[in-house]
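# Fold and contact review
Each chain, letter by letter, is given below.
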Amino acid sequence: MDSSPAHSRSPYGGVIARYGDRMDIRSESGIVTLLEGDTPLLPAPRLADHVAPGSRLFLKYEGLNPTGSFKDRGMTAAVTDALARGAKSIVCASTGNTAASAAAYAARAGIRCAVVLPEGKVAHGKLAGAIAYGADVIPIRGSFDDALAGVREVCERAPITLVNSLNPARIEGQKTAAFEVVETLGDSPDWLALPVGNAGNITSYWRGFREAAASGDCARTPALLGVQAAGSAPIVLGQPVERPETCATAIRIGNPVRWKDAEAALRESRGRILAVTDEAIMAAYRLVAATEGVFCEPASAASIAGLAEAVRQGMVQPEGRTIVCVLTGHGLKDPDVAMRGSVSEPESLEAAAERLTRLAEAR
Ligand code: F0G
């Protein structure tokens, strides 16, 4: 094994060091890691009172991965595997997070990375990452689905490795989040809610929970609650969406490549999938930050909005249940959404002092 710092097996962890023996990937050229994974499973009792009263609600805070999203779990696996297969460059289409993650792991591995993005629809924190990590950033006029179709075609002809979630190593890496949930809770939750875009993550969680159950780490598997944005809900509608739209740009996807796998995961887990409006997503986005001090990006808040809606519709009975909402990306990924309409005009120091006094005296 290559023992150079970038590739050596770290004594501190990373998901391959922890779970590599349960991952079907190649790693003979060394492990490419940024010590991803091991993210907190935060109890969220104040949020539970609002969205799922009587439940034990937890947040799997994947925004605390090295590049700020869950994509790092799959990317350490995909880049490690690509390196073992002799890849010199990788590429992805992305709504932003995959791009930032691919760029970072390629930098770590010393290989080239190109990212193809829907122009004007990528949150600035993600774009900033991809640029900073030195990727070749290629915006296109078109959607994520268009970008992915183009990239797939190139990868069939040219010696460049596709690291979208079509790449099987990505799923192998991302399933480790389910292992961590099981380890922390000592079993599977009753429900696990997560946003669904290209559907790689729901595919991965289901594989992870199934494998954990098969190896005796948990007594049962959870029901999965998939959540799509109303303007980008192909799986809910049962047909591709030509022009997907949502403020949750991460899941602005009209024709998910892991569609069939997502349907299998929903069926086998006795789960459900539903759509939530942008208004509901933004309300959940503000609620989780204000009640629990947890800042996630809009797409991530879809899991909470979806849970609230599922409880309202009677799909999920929260009383006494253990529920996990996956918060897939950090709120700082999308600073523009966070700031929108909320920056006030500067005040005089006297006026500020008066405001502070009123605040301090408020009951
Ligand atoms: N949440 C966030 C923050 C995401 O970035 C994504 C996907 C998802 C949820 C949905 O996960 O695609 O596995 O169903 N982002 C991809 C990207 C498409 O390019 O970064 P999925």
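Provided above is the structure to which this section pertains.
Residues numbered from 1 in each chain as written. Predicted model: local features only at pLDDT ≥ 70, side-chain atom pairs only at ≥ 80, totals over all residues. Heavy atoms only, no water.

## Some points on the packing of aromatic side chains
Selection rule: Note on aromatic pairs: the rings of Phe, Tyr and Trp (six-membered ring only in Trp) are paired at centre separations within 6.5 Å, and the planes decide the class, stacked below 30 degrees, edge-to-face beyond 60, tilted for the rest. Secondary structure counts use DSSP, requiring at least four H or I residues in a row for a helix and at least two E residues in a row for a strand, with both numbered from the N terminus. Under the scheme applied here, a residue whose accessible area is under 20% of the maximum for its type counts as buried, over 50% as exposed, and between as partly exposed, the area being computed with a 1.4 Å probe on protein chains only. Two limits define a charge over a ring: the Lys NZ or Arg CZ must be within 6 Å of the ring centre, and within 35 degrees of the ring normal.
Overall, the coordinates contain three aromatic pairs when judged by the stated rule. Each ring, one from Tyr285 and one from Phe295, has its centre 6.2 Å from the other, and the planes form 55°; the classification is tilted. Of this pair, Tyr285 sits in helix α12 (residues 278-292) while Phe295 sits in the loop between α12 and α13 (298-312), placing them ten residues apart in sequence. A relative accessible area of 25% means that Phe295 is categorised as partly exposed. Seen from the ring of Phe179, Arg22 lies directly overhead, with NZ or CZ sitting 3.9 Å from the centre.

## A few points about the side chain of Arg170
Where we set the bar: In this count, Lys and Arg are taken as positive residues and Asp and Glu as negative ones, while His and the chain termini are left out. Any Lys or Arg side-chain nitrogen located within 4 Å of an Asp or Glu carboxyl oxygen qualifies as a salt bridge. Residues count as neighbours in contact if any of their non-hydrogen atoms are within 4.5 Å of one another.
Looking at the secondary structure, you find Arg170 in helix α7 (residues 168-174). We note that Arg170 is buried and unpaired, the nearest opposite charge coming from Asp72 at a distance of 8.8 Å. Residue contacts for Arg170: discarding those within four places in its chain leaves Lys71, Gly74, Met75, Ala78, Thr98, Val163, Asn164 and Ser165.

## As for the sheet that holds strand β1 (residues 41-43)
Spelled out, the test is: Note: two strands are recorded as paired if DSSP finds a minimum of 2 bridges between them. Angles shown run from 0 to 180 degrees and are taken between the N-to-C directions of axes, each axis being a line fitted to C-alpha atoms and, for helices, limited to the stretch in contact.
One open sheet holds the six strands; their spatial order is β1-β2-β10-β7-β8-β9, and the pairing between them is mixed. Looking along the sheet, the strands with just one partner apiece sit at the ends: β1 and β9 (272-276). Taken over all neighbouring pairs, the strand axes of this sheet differ in orientation by 25° on average, direction set aside. The strands touched by α12 within the sheet are β1, β2 (56-61), β8 (223-229), β9 and β10 (322-327), with β9 carrying the most contacts at an inclination of about 95°.

## Remarks on the pattern of salt bridges
Per the counting criterion, the structure on display carries 21 salt bridges. Here Glu62 and Arg73 are joined by a salt bridge, their closest N and O atoms 2.6 Å apart. One end of the pair, Glu62, is in the loop between β2 and α3 (71-84); the other, Arg73, is in helix α3, and eleven residues separate them in sequence. For the pair Glu62 and Arg73, one class covers both residues: buried. Glu172 is the salt-bridge partner of Lys175, the closest N and O atoms lying 2.8 Å from each other. Accessibility expressed as a relative area gives 6% for Glu172, which makes it buried. Residues joined in a network through salt bridges with shared partners are Arg18, Asp38, Lys60, Glu62, Arg73, Glu180 and Glu183.

## Looking at the sheet that holds strand β3 (residues 89-93)
One open sheet holds the four strands; their spatial order is β5-β4-β3-β6, and the pairing between them is parallel. Each end of this open sheet is capped by a strand with a single partner; those strands are β5 (136-140) and β6 (161-162). Here five bridges tie strand β4 (residues 112-118) to β5, and the two strands are oriented parallel to one another. Bridging from a neighbouring strand, Pro118 pairs with Ile140 of β5. Helix α4 (residues 97-109) rests against β3 and β4 of the sheet, and its axis sits at about 170° to β4.

## Overview of the site of the ligand
Selection rule: Whether a residue is near a molecule or strand depends on its heavy atoms: if one lies within 4 Å, it is near. Any pair of N or O atoms that falls within 3.5 Å is considered a polar contact. Within protein, one atom must be able to donate a hydrogen and the other to accept it, and sequence-neighbouring residues count only if both atoms are side-chain atoms. Methods summary: accessible areas were calculated by the Shrake-Rupley approach with a probe of 1.4 Å, and residue burial reflects only the protein chains presented. A 1.4 Å probe that fits into a set of points on a 1 Å grid over the protein atoms alone but cannot get out defines a cavity; an open set with protein on both sides within 12 Å along at least five of seven lines defines a pocket, and lining residues are those with an atom within 4 Å of a point. Each molecule is assigned to a cavity or pocket provided more than half of its atoms lie within 2 Å of the corresponding grid points. Throughout this entry, Asp, Glu, Lys and Arg are counted as charged residues, while Ala, Val, Leu, Ile, Met, Phe, Trp, Tyr, Cys and Pro are counted as nonpolar. The remaining residues, Gly among them, count as polar. Marked domain ranges trace back to an automatic or database domain assignment.
Every one of the 20 residues lining the ligand counts as a neighbour, but Ser94, Gly197, Asn198, Ala199 and Thr328 are closest to it. Contact distances for the ligand include 2.8 Å between an oxygen atom and a backbone N or O atom of Thr95. The contact in question runs from an oxygen atom of the ligand to an N or O atom on the backbone of Asn198, over 2.7 Å. Contact with the protein chains hides 98% of the accessible area of the ligand, taken as 470 Å² for the molecule alone. Judged by the fraction of its atoms near the pocket grid, the ligand is located in the largest cavity. For the shell around the ligand, the secondary-structure elements that each account for two or more residues are α4 and α9 (200-214). When its residues are assigned to classes, the shell around the ligand shows eight nonpolar, ten polar and two charged. Of the residues that make up the shell around the ligand, three or more belong to each of domain 1 (41-68 + 170-339) and domain 2 (70-166).

## Quick word on unusual backbone geometry
One non-glycine residue with positive phi stands out, namely Asp38, at about 55°. What makes Asp38 exposed here is its relative accessible area of 57%. Unusually for a residue other than glycine, Ala199 sits at a positive phi of about 75°. Within the element layout of this structure, Ala199 appears in the loop between β7 (191-195) and α9.

## Some points on the environment of Pro195
Inspection of the secondary structure assignment puts Pro195 in strand β7. Looking at Pro195, the relative accessible area reads 7%, which means it is buried. When the C-alpha atoms of Pro195 and Ala248 are compared, they prove to be 9.9 Å apart, with 53 residues separating the residues in sequence.

These results come straight from atomic positions and should not be treated as a statement about function.
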